[in-house]
Amino acid sequence: MTLSVCGADGYFAPNDLGVNNVNAVFAVAGDDGSVTVHLGAWDADVPNRIPLPEGWNLLIRLYQPRLDELSTWQVPAVEPADA
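The rules we used
- Residues numbered from 1 in each chain as written.
- Predicted model: local features only at pLDDT ≥ 70, side-chain atom pairs only at ≥ 80, totals over all residues.
- Heavy atoms only, no water.
- Helix = DSSP H or I, 4+ residues; strand = E, 2+ residues; numbered from the N terminus.
- Buried < 20%, exposed > 50% of the residue type's maximum accessible area, 1.4 Å probe, protein only.
- Contact = heavy atoms within 4.5 Å.
- Areas by Shrake-Rupley, 256 points an atom, 1.4 Å probe, with all protein chains shown as cover.
- Polar contact = N/O pair within 3.5 Å; in protein donor to acceptor, adjacent residues only side chain to side chain.
- Pairing = 2+ DSSP bridges.
- Axes fitted to C-alpha atoms, helices over the stretch in contact; angles between N-to-C directions.

Focus on the overall build of the chain
Thinking step 1. Within the chain, the regular secondary structure consists of one helix and five strands.
Thinking step 2. Overall, the chain shows an N-to-C arrangement of helices and strands of β-β-β-β-β-α.
Thinking step 3. For the chain, the spread of C-alpha atoms along the principal axes amounts to about 40 × 35 × 25 Å.
Thinking step 4. By residue count, 20% of the 83 residues in the chain fall in the buried class.
Thinking step 5. Summarising the internal contacts of the chain: among those between residues at least 6 apart in sequence, 51% fall at separations of at least 24.
Thinking step 6. Put simply, the chain shows about 6,400 Å² of open surface, and 53% of that area lies on carbon and sulfur atoms.

Have a look at this one:
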């Protein structure tokens, strides 16, 4: 799975980190194996962070999903960070 963020025009927007997506190849997993992606402005030591451009869009791509699991798969929750 890849989670990507695009600008309002639907294309990747340049940012200071040069990061527009998080995927299974380079994502940093937690102790339980789950991956949390941090969207927006975060401290430098927070893994899996993607800056948000003006008018951002979120795209989730599944590669070779197991068809028997698609009926129970749910879009991951997008939750606001604690302020």
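What to know about unusual backbone geometry
Note on backbone geometry: most residues besides glycine have negative phi, and most peptide bonds are trans.
Thinking step 1. For Asn48, which is not a glycine, the phi torsion comes out positive at approximately 55 degrees.
Thinking step 2. Locating Asn48 in the fold gives a position in the loop between β3 (38-39) and β4 (49-50).
Thinking step 3. Even without glycine at this site, Gln64 takes up a positive phi of about 50 degrees.
Thinking step 4. When you line up the elements, Gln64 lands in the loop between β5 (57-61) and α1 (67-70).

Observations regarding the environment of Met1
Thinking step 1. Structurally, Met1 can be placed in the segment before β1 (2-6).
Thinking step 2. Here the alpha-carbon distance between Met1 and Trp73, two residues 72 residues apart in the chain, equals 12 Å.
Thinking step 3. Leave out the neighbours within four places in its chain, and Met1 touches Val22, Asn23, Ala24, Ile60, Arg61, Leu62, Trp73 and Pro76.

Quick look at the side chain of Ser4
Thinking step 1. Here Ser4 shows up in strand β1.
Thinking step 2. The exposure class assigned to Ser4 is buried, which follows from its relative accessible area of 0%.
Thinking step 3. Separated by 2.7 Å, the side chains of Ser4 and Arg61 make a polar contact.

Some remarks on the sheet that holds strand β2 (residues 21-23)
Thinking step 1. One open sheet holds the three strands; their spatial order is β2-β1-β5, and the pairing between them is antiparallel. Where the open sheet ends on each side, the last strands, each with one partner, are β2 and β5. Direction aside, the axes of adjacent strands within the sheet are offset by 15 degrees on average.
Thinking step 2. Here β1 pairs with β5 via five bridges, running antiparallel. Bridge pairing in β5 links Cys6 to Asn57.

Some words on the pairing of β1
Every regular strand shows the same layout, with side chains that alternate between the two sheet faces.
Thinking step 1. Most of β1 sits inside the fold, with five of its five residues counted as buried.
Thinking step 2. Side chains Thr2, Ser4 and Cys6 of β1 all project onto a buried face; the interleaved residues Leu3 and Val5 project onto the opposite face, where all are buried too.
Thinking step 3. In terms of strand pairing, β1 meets β2 through three bridges, oriented antiparallel. Considered in β2, the bridge of Thr2 is made with Asn23.

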